[in-house]
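# Secondary and tertiary structure notes
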Amino acid sequence: SITGSIPTTLCALGHLVSFGISFCGLSGSIPSCIGTIPSLNSFYVNHNMLTGTLPETIGSLRNFVELNVSTNVITGTIPTSYCDNAVFEFFDISLNSIDGTLGDCIASWTGLKYLVINSNSLYGTIPNTMGNFSTLLLFLVYGNQFSGYNQYNHCGILIYTVLIYLLYYGICIIINTQEQCRHL
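Below is a summary of the structure that appears in this document. (Residues numbered from 1 in each chain as written. Predicted model: local features only at pLDDT ≥ 70, side-chain atom pairs only at ≥ 80, totals over all residues. Heavy atoms only, no water.)

## Looking at the side chain of N68
Residue placement: N68 occurs in strand 3 (residues 66-68). What makes N68 buried here is its relative accessible area of 6%. With residues up to four places along the chain from it excluded, the contact list for N68 reads F43, Y44, V45, N46, F90 and D92. (Helix = DSSP H or I, 4+ residues; strand = E, 2+ residues; numbered from the N terminus. Buried < 20%, exposed > 50% of the residue type's maximum accessible area, 1.4 Å probe, protein only. Contact = heavy atoms within 4.5 Å.)

If you want it as structure tokens, here you go:
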């Protein structure tokens with residue numbers, strides 16, 4: 001079992017492509033120097049006890065596609081520098097204490113496949129552009145304080161999310177998505 005904090009010496013590994021230590025009880029904050037590793041494309045530190053905020057510097061990484069900091073004690077907001085990252089495919093910040101708005105910047109994440117932001121303190125509206133994501137497979141937002149959620153724009157995503165959830169738990173059902181959309 002690995003315990004303690006993420007050492008800043010990790011940032012000296014200039015050719016590090018992927019970093020993942022999950023379910024280990026890591027504590028402390030995520031070092032901001034993580035965003036100085038030019039080759040880093042994925043960072044998984046889910047299910048630990050990390051505190052602090054999301055590092056602003058990750059937004060400057062041009063090949064960074066996967067972030068999973070779920071199930072920690074992360075606070076603060078989604079850094080605006082993340083708006084500049086058009087290559088995010090997997091973004092999971094669920095089960096933390098992140099607040100603020102989702103913002104329209106995620107519209108630039110055109111290759112996004114998984115957006116998991118449930119169980120935080122996010123508020124505001126979900127951008128209508130979410131219904132235009134052709135690659136989005138999973139979109140979980142429950143457990144926040146969103147308002148004005150336009151169910152019709154997101155109906156396909158909601159139905160698909162329900163199917164993934166049910167399939168994950170071994171439940172098999174048939175849903176007529178068009179009929180379901182009319183009744184939302």
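## Considerations on the packing of aromatic side chains
In this description, an aromatic ring pair is defined by two values, namely the gap between the centres and the angle between the planes. Within the structure shown, the criterion is met by nine aromatic pairs. Note on F19 and F43: the rings are 5.3 Å apart at their centroids and 20° apart in plane angle, and the pair reads as stacked. One end of the pair, F19, is in strand 1 (residues 18-20); the other, F43, is in strand 2 (residues 42-44), and 24 residues separate them in sequence. When its relative accessible area of 12% is taken as the criterion, F19 is described as buried. With a centroid separation of 5.9 Å and 50° between ring planes, the pair formed by Y82 and F88 is classed as tilted. (Phe/Tyr/Trp six-rings, centres within 6.5 Å; stacked < 30°, edge-to-face > 60°.)

## Comments concerning the sheet that holds strand 9 (residues 145-146)
Spatial ordering of the open sheet is given by 5-7-9, a layout of three strands whose pairing is parallel. Edge strands, defined here as strands with exactly one partner in the open sheet, are strand 5 (99-101) and strand 9. Relative to strand 9, strand 7 (residues 121-124) runs parallel, the two sharing two bridges. Paired with Y123 across the two strands is Q145, which belongs to strand 9. (Pairing = 2+ DSSP bridges.)

## Some words on the environment of S22
Structurally, S22 can be placed in the loop between strand 1 and strand 2. For the pair formed by S22 and N48, sequence separation is 26 residues and the distance between their alpha carbons is 6.4 Å. When near neighbours in sequence (up to four residues on either side) are disregarded, S22 contacts Y44, V45, N46, H47 and N48. There is a polar contact of 2.6 Å between the side chain of S22 and the side chain of N46. (Polar contact = N/O pair within 3.5 Å; in protein donor to acceptor, adjacent residues only side chain to side chain.)

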